[in-house]
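# Tertiary structure, described
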Amino acid sequence: MREIVIAGNWKMNTTPFEGAMLARKVAELLSAGNGATVVTVVVCPPATHLAMAQAGIASVTTESGVKVELGAQNAHWEHKGAFTGEISASMLKFIGCRWVIIGHSERRQWFGETDETANKRLLRVIRNGLRPIFCIGETLEEREADRAFEVIERQLKIGLDGVENIGRGGLVIAYEPVWAIGTGHTATPEQAQEAHQFIRSQLSEQFSEEAAAATVIQYGGSMTPDNAGQLMACPDVDGGLVGGASLKADSFSAIVKAAAEAKGRG
Ligand code: 13P
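If you're wondering where the values come from, they're calculated on a predicted model, not measured in any experiment.

### Concerning the overall build of the protein
For the protein, the count of helices and strands is eleven helices and eight strands. Taken over the C-alpha trace, the protein has a radius of gyration of 17 Å; the compact-globule value for 266 residues is 18 Å, and the two agree within 12%. A principal-axis box enclosing the C-alpha atoms of the protein has dimensions of 50 × 45 × 35 Å. Taking all 266 residues of the protein together, the buried fraction comes to 53%. A separation threshold of at least 6 residues defines the contact pool for the protein, and within that pool the share at least 24 residues apart is 77%. A total of about 11700 Å² of accessible surface is found on the protein, and carbon and sulfur atoms cover 53% of it. Positive and negative charge centroids in the protein, built from 25 and 31 side chains respectively, lie 7 Å apart.

### Some remarks on the nonpolar core
Among the nonpolar cores identified, the biggest contains 66 residues, and Ile6, Phe134, Leu160, Ile173, Ile199, Leu203 and Tyr219 are the most heavily contacted of them. If one sorts the elements of this core by residue count, helix H11 (residues 249–262) sits on top with seven residues. Apart from residues no more than four positions distant in its own chain, Leu203 is found in contact with Leu156, Leu160, Ile166, Ile173, Ser208, Ala212, Thr215 and Ile217. Counting twelve residues, the second largest nonpolar core, distinct from the first, contains Trp99, Ile101, Cys135 and Ala174.

### With respect to the layout of surface pockets
Each pocket or cavity is described by its volume, and for the largest pocket that value is around 630 Å³. Lining the largest pocket are 23 residues, with Lys11, Met12, Gln73, Asn74 and Arg107 sitting closest to its centre. Of the residues that constitute the lining of the largest pocket, the class distribution is eleven nonpolar, seven polar and five charged. What the second largest pocket holds in volume is close to 190 Å³. Taken together, 18 residues form the lining of the second largest pocket, with Lys11, Gly182, Val242, Gly243 and Gly244 sitting closest to its centre. Classifying every residue of the lining of the second largest pocket gives seven nonpolar, nine polar and two charged.

### A word on the site of the ligand
Within the structure, the ligand sits among Asn9, Lys11, His104, Glu176, Ala180, Ile181, Gly182, Gly221, Ser222, Leu241, Gly243 and Gly244. For the ligand, an oxygen atom lies 2.7 Å from a polar atom in the backbone of Ser222. At 2.8 Å from an oxygen atom of the ligand is found a main-chain nitrogen or oxygen belonging to Gly244. Taken atom by atom, the bulk of the ligand overlaps the second largest pocket.

### Re the side chain of Arg131
Considering the arrangement of structural elements, one finds Arg131 in strand S5 (residues 131–136). Among the polar contacts made by the side chain of Arg131, one reaches the main-chain carbonyl oxygen of Gly169 at a distance of 3.1 Å. A distance of 2.8 Å separates a polar atom in the side chain of Arg131 from the backbone oxygen of Gly170.

### Quick notes on H11
In a regular helix each residue adds 1.5 Å, so 14 residues correspond to 20 Å; H11 covers 20 Å between its end C-alpha atoms and thus fits that length. Looking at H11, one finds that the buried residues are Ala249, Ser251, Phe252, Ser253, Ile255, Val256, Ala258, Ala259 and Ala260. A positive backbone phi angle near 70° is found at Gly264, which sits one or two residues after H11.

The rules behind the values
Residues numbered from 1 in each chain as written. Predicted model: local features only at pLDDT ≥ 70, side-chain atom pairs only at ≥ 80, totals over all residues. Heavy atoms only, no water. Helix = DSSP H or I, 4+ residues; strand = E, 2+ residues; numbered from the N terminus. Rg over C-alpha atoms; globule rule 2.2 N^0.38 Å. Buried < 20%, exposed > 50% of the residue type's maximum accessible area, 1.4 Å probe, protein only. Contact = heavy atoms within 4.5 Å. Areas by Shrake-Rupley, 256 points an atom, 1.4 Å probe, with all protein chains shown as cover. Lys, Arg positive; Asp, Glu negative; His and termini not counted. Charge placed at Lys NZ, Arg CZ, Asp CG, Glu CD. Core = buried A, V, L, I, M, F, W, Y, C linked by side-chain atoms within 4.5 Å. 1 Å grid on protein atoms, 1.4 Å probe; cavity = no way out; pocket = protein on both sides within 12 Å on 5 of 7 lines; lining within 4 Å. Points joined across faces, edges and corners; volume = space filled by probe spheres on them. Nonpolar A, V, L, I, M, F, W, Y, C, P; charged D, E, K, R; others polar. Near = heavy atom within 4 Å. Polar contact = N/O pair within 3.5 Å; in protein donor to acceptor, adjacent residues only side chain to side chain. Sits in = over half its atoms within 2 Å of the grid points. Expected span 1.5 Å × (residues − 1).

Following this line, the structure appears as C-alpha coordinates:
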(Lines give C-alpha, C1' and ligand atoms only; values in the text may rest on other atoms or scores of the structure.)
Protein backbone atom coordinates (compact mmCIF):
# COMPACT_ATOMS: atom_id res chain seq x y z
CA MET A 1 0.00 0.00 0.00
CA ARG A 2 1.52 3.30 -1.09
CA GLU A 3 1.71 6.37 1.11
CA ILE A 4 -0.74 9.17 0.29
CA VAL A 5 0.78 12.67 0.31
CA ILE A 6 -1.24 15.87 0.02
CA ALA A 7 0.86 19.05 -0.01
CA GLY A 8 -0.22 22.66 -0.13
CA ASN A 9 1.97 24.99 -2.16
CA TRP A 10 1.04 28.45 -0.97
CA LYS A 11 3.34 30.07 -3.55
CA MET A 12 3.81 33.83 -2.84
CA ASN A 13 0.62 34.28 -0.82
CA THR A 14 -0.46 35.22 2.71
CA THR A 15 1.14 37.48 5.28
CA PRO A 16 3.25 35.77 7.96
CA PHE A 17 0.38 36.13 10.45
CA GLU A 18 -2.20 34.76 7.98
CA GLY A 19 0.20 31.94 7.24
CA ALA A 20 0.54 30.98 10.89
CA MET A 21 -3.26 31.06 11.27
CA LEU A 22 -3.79 29.02 8.12
CA ALA A 23 -1.27 26.36 9.19
CA ARG A 24 -2.89 26.18 12.61
CA LYS A 25 -6.40 25.94 11.15
CA VAL A 26 -5.33 23.13 8.82
CA ALA A 27 -3.89 21.21 11.76
CA GLU A 28 -7.05 21.82 13.80
CA LEU A 29 -9.42 20.66 11.07
CA LEU A 30 -7.36 17.56 10.44
CA SER A 31 -7.12 16.70 14.09
CA ALA A 32 -10.92 16.45 14.04
CA GLY A 33 -10.58 13.18 12.11
CA ASN A 34 -10.49 14.26 8.48
CA GLY A 35 -8.19 11.69 7.02
CA ALA A 36 -4.97 12.98 8.50
CA THR A 37 -4.11 9.72 10.19
CA VAL A 38 -3.79 7.96 6.83
CA VAL A 39 -2.56 10.87 4.70
CA THR A 40 0.80 12.60 5.00
CA VAL A 41 -0.13 16.29 5.00
CA VAL A 42 2.40 19.00 4.14
CA VAL A 43 2.12 22.78 3.99
CA CYS A 44 4.67 24.84 2.03
CA PRO A 45 4.46 28.52 2.99
CA PRO A 46 6.74 31.29 1.67
CA ALA A 47 10.19 31.17 3.30
CA THR A 48 9.49 34.21 5.48
CA HIS A 49 6.59 32.40 7.16
CA LEU A 50 8.17 29.03 7.83
CA ALA A 51 9.05 29.61 11.46
CA MET A 52 5.65 31.10 12.31
CA ALA A 53 3.81 28.38 10.42
CA GLN A 54 5.84 25.80 12.27
CA ALA A 55 4.80 27.32 15.58
CA GLY A 56 1.13 27.31 14.43
CA ILE A 57 1.31 23.64 13.50
CA ALA A 58 3.22 22.65 16.63
CA SER A 59 0.67 24.25 18.93
CA VAL A 60 -1.96 21.84 17.60
CA THR A 61 0.18 18.80 16.95
CA THR A 62 1.34 18.48 20.51
CA GLU A 63 -2.24 18.27 21.79
CA SER A 64 -3.82 15.97 19.22
CA GLY A 65 -1.02 13.82 17.83
CA VAL A 66 -1.96 14.80 14.26
CA LYS A 67 1.04 15.69 12.22
CA VAL A 68 1.08 18.39 9.59
CA GLU A 69 4.56 18.60 8.15
CA LEU A 70 6.39 21.70 6.96
CA GLY A 71 7.85 22.18 3.51
CA ALA A 72 9.71 24.90 1.62
CA GLN A 73 9.24 25.96 -1.98
CA ASN A 74 12.87 25.70 -3.11
CA ALA A 75 16.41 25.13 -1.84
CA HIS A 76 19.87 25.88 -3.23
CA TRP A 77 22.36 23.18 -4.21
CA GLU A 78 25.20 24.51 -2.08
CA HIS A 79 25.41 24.25 1.66
CA LYS A 80 26.34 27.95 2.07
CA GLY A 81 28.12 30.75 0.25
CA ALA A 82 27.74 33.82 -1.96
CA PHE A 83 24.30 33.10 -3.42
CA THR A 84 22.25 36.21 -2.72
CA GLY A 85 18.56 35.50 -2.33
CA GLU A 86 18.95 31.75 -1.95
CA ILE A 87 18.31 29.45 1.01
CA SER A 88 20.12 26.18 1.68
CA ALA A 89 18.54 22.86 2.51
CA SER A 90 20.40 22.75 5.82
CA MET A 91 18.91 26.13 6.81
CA LEU A 92 15.44 24.81 6.03
CA LYS A 93 16.07 21.66 8.00
CA PHE A 94 17.28 23.70 10.94
CA ILE A 95 13.94 25.50 11.28
CA GLY A 96 11.88 22.33 11.07
CA CYS A 97 11.23 21.71 7.36
CA ARG A 98 10.96 18.08 6.34
CA TRP A 99 10.04 18.72 2.70
CA VAL A 100 11.17 20.89 -0.22
CA ILE A 101 9.44 21.48 -3.57
CA ILE A 102 11.99 21.29 -6.38
CA GLY A 103 11.72 22.22 -10.06
CA HIS A 104 8.24 23.75 -9.95
CA SER A 105 7.14 24.91 -13.41
CA GLU A 106 6.92 28.51 -12.15
CA ARG A 107 10.61 28.31 -11.22
CA ARG A 108 11.32 26.91 -14.69
CA GLN A 109 9.11 29.47 -16.45
CA TRP A 110 10.03 32.69 -14.61
CA PHE A 111 13.38 32.11 -12.92
CA GLY A 112 15.50 30.23 -15.42
CA GLU A 113 15.35 26.91 -13.60
CA THR A 114 16.42 24.05 -15.89
CA ASP A 115 16.42 20.27 -15.66
CA GLU A 116 20.09 20.54 -14.70
CA THR A 117 19.67 23.09 -11.88
CA ALA A 118 16.61 21.26 -10.58
CA ASN A 119 18.73 18.10 -10.49
CA LYS A 120 21.47 19.83 -8.47
CA ARG A 121 18.95 21.17 -5.98
CA LEU A 122 17.27 17.78 -5.73
CA LEU A 123 20.51 15.96 -4.96
CA ARG A 124 21.33 18.40 -2.17
CA VAL A 125 17.87 18.10 -0.64
CA ILE A 126 18.20 14.32 -0.57
CA ARG A 127 21.73 14.49 0.84
CA ASN A 128 20.45 16.69 3.66
CA GLY A 129 17.78 14.18 4.61
CA LEU A 130 14.80 16.23 3.47
CA ARG A 131 12.06 14.83 1.27
CA PRO A 132 11.82 16.42 -2.17
CA ILE A 133 8.63 16.95 -4.12
CA PHE A 134 10.09 16.92 -7.61
CA CYS A 135 7.83 18.67 -10.14
CA ILE A 136 7.53 17.76 -13.79
CA GLY A 137 4.94 18.33 -16.50
CA GLU A 138 4.44 19.55 -20.02
CA THR A 139 3.16 22.88 -21.34
CA LEU A 140 0.02 23.17 -23.46
CA GLU A 141 2.16 23.70 -26.56
CA GLU A 142 4.08 20.51 -25.84
CA ARG A 143 0.89 18.52 -25.23
CA GLU A 144 -0.69 19.81 -28.43
CA ALA A 145 2.43 18.86 -30.35
CA ASP A 146 2.09 15.34 -28.92
CA ARG A 147 5.36 15.77 -27.04
CA ALA A 148 4.10 15.41 -23.45
CA PHE A 149 5.71 12.02 -22.80
CA GLU A 150 8.96 13.02 -24.46
CA VAL A 151 9.15 16.06 -22.14
CA ILE A 152 8.31 14.01 -19.05
CA GLU A 153 10.92 11.43 -20.00
CA ARG A 154 13.61 14.12 -20.38
CA GLN A 155 12.65 15.83 -17.11
CA LEU A 156 12.91 12.51 -15.26
CA LYS A 157 16.14 11.39 -16.94
CA ILE A 158 18.05 14.61 -16.25
CA GLY A 159 16.19 15.59 -13.10
CA LEU A 160 16.76 12.30 -11.30
CA ASP A 161 20.27 11.72 -12.58
CA GLY A 162 22.52 10.62 -9.71
CA VAL A 163 19.65 9.78 -7.39
CA GLU A 164 20.50 6.45 -5.80
CA ASN A 165 17.27 5.36 -4.20
CA ILE A 166 13.63 6.06 -4.63
CA GLY A 167 10.71 4.36 -2.98
CA ARG A 168 8.93 4.34 0.33
CA GLY A 169 9.45 7.36 2.54
CA GLY A 170 11.65 9.18 0.04
CA LEU A 171 11.28 11.27 -3.05
CA VAL A 172 7.83 12.28 -4.27
CA ILE A 173 7.15 13.13 -7.90
CA ALA A 174 4.52 15.77 -8.69
CA TYR A 175 3.02 15.60 -12.17
CA GLU A 176 1.81 19.11 -12.82
CA PRO A 177 0.76 19.75 -16.41
CA VAL A 178 1.50 23.46 -16.84
CA TRP A 179 -1.78 24.03 -18.69
CA ALA A 180 -3.70 22.90 -15.61
CA ILE A 181 -1.95 25.13 -13.07
CA GLY A 182 -4.10 28.01 -11.86
CA THR A 183 -6.34 27.75 -14.92
CA GLY A 184 -9.28 25.72 -13.65
CA HIS A 185 -8.61 23.28 -16.52
CA THR A 186 -7.90 20.24 -14.38
CA ALA A 187 -6.59 17.18 -16.18
CA THR A 188 -9.26 14.54 -16.56
CA PRO A 189 -8.76 11.43 -14.44
CA GLU A 190 -7.92 9.58 -17.70
CA GLN A 191 -5.25 12.13 -18.64
CA ALA A 192 -3.79 12.05 -15.13
CA GLN A 193 -3.76 8.26 -14.95
CA GLU A 194 -2.15 7.95 -18.38
CA ALA A 195 0.65 10.37 -17.42
CA HIS A 196 1.16 8.85 -13.97
CA GLN A 197 1.34 5.36 -15.40
CA PHE A 198 3.93 6.56 -17.90
CA ILE A 199 5.94 8.21 -15.11
CA ARG A 200 5.87 5.00 -13.08
CA SER A 201 7.05 2.99 -16.08
CA GLN A 202 9.92 5.44 -16.57
CA LEU A 203 10.87 5.16 -12.89
CA SER A 204 10.81 1.42 -13.27
CA GLU A 205 13.30 1.65 -16.16
CA GLN A 206 15.52 4.19 -14.40
CA PHE A 207 15.48 2.46 -11.00
CA SER A 208 13.59 -0.78 -10.45
CA GLU A 209 10.05 -2.04 -10.65
CA GLU A 210 9.89 -2.38 -6.91
CA ALA A 211 11.15 1.16 -6.26
CA ALA A 212 8.77 2.59 -8.87
CA ALA A 213 5.85 0.76 -7.30
CA ALA A 214 6.62 2.31 -3.91
CA THR A 215 7.09 5.89 -5.16
CA VAL A 216 4.40 8.48 -4.49
CA ILE A 217 3.28 10.35 -7.61
CA GLN A 218 1.15 13.41 -6.91
CA TYR A 219 -1.11 15.20 -9.33
CA GLY A 220 -1.08 19.02 -9.36
CA GLY A 221 -3.08 21.57 -11.35
CA SER A 222 -6.43 23.06 -10.27
CA MET A 223 -7.12 20.30 -7.76
CA THR A 224 -10.17 21.15 -5.66
CA PRO A 225 -12.44 19.36 -3.17
CA ASP A 226 -14.81 18.74 -6.11
CA ASN A 227 -12.37 16.90 -8.36
CA ALA A 228 -9.91 15.44 -5.83
CA GLY A 229 -11.94 12.27 -5.24
CA GLN A 230 -12.06 11.34 -8.94
CA LEU A 231 -8.38 12.08 -9.47
CA MET A 232 -7.36 10.20 -6.35
CA ALA A 233 -9.42 7.20 -7.43
CA CYS A 234 -6.90 6.64 -10.27
CA PRO A 235 -4.62 3.76 -9.35
CA ASP A 236 -1.38 5.64 -10.04
CA VAL A 237 -2.40 8.95 -8.44
CA ASP A 238 -1.08 8.88 -4.87
CA GLY A 239 -1.59 12.43 -3.75
CA GLY A 240 -1.91 16.05 -4.71
CA LEU A 241 0.20 19.18 -4.90
CA VAL A 242 -2.42 21.84 -4.32
CA GLY A 243 -2.03 25.55 -5.08
CA GLY A 244 -5.08 27.82 -4.86
CA ALA A 245 -7.25 25.43 -2.86
CA SER A 246 -4.55 25.09 -0.19
CA LEU A 247 -4.99 28.75 0.80
CA LYS A 248 -8.24 27.96 2.56
CA ALA A 249 -8.07 25.50 5.45
CA ASP A 250 -11.57 24.19 4.68
CA SER A 251 -10.89 23.30 1.06
CA PHE A 252 -7.43 21.92 1.78
CA SER A 253 -8.67 19.64 4.56
CA ALA A 254 -11.61 18.59 2.34
CA ILE A 255 -9.06 17.45 -0.27
CA VAL A 256 -7.19 15.45 2.38
CA LYS A 257 -10.46 13.80 3.39
CA ALA A 258 -11.45 13.08 -0.23
CA ALA A 259 -8.03 11.54 -0.87
CA ALA A 260 -8.33 9.18 2.10
CA GLU A 261 -11.85 8.15 1.07
CA ALA A 262 -10.97 7.64 -2.60
CA LYS A 263 -8.24 5.21 -1.55
CA GLY A 264 -10.66 3.39 0.75
CA ARG A 265 -8.82 4.53 3.84
CA GLY A 266 -11.18 7.30 4.98
P1 13P B 1 -3.23 25.30 -8.55
O2 13P B 1 -3.78 24.24 -7.64
O3 13P B 1 -3.51 26.70 -8.07
O4 13P B 1 -3.58 25.07 -9.98
O5 13P B 1 -1.62 25.20 -8.46
C6 13P B 1 -1.03 23.96 -8.63
C7 13P B 1 0.41 24.10 -8.33
O8 13P B 1 1.15 24.69 -9.07
C9 13P B 1 0.90 23.48 -7.10
O10 13P B 1 2.28 23.46 -7.06
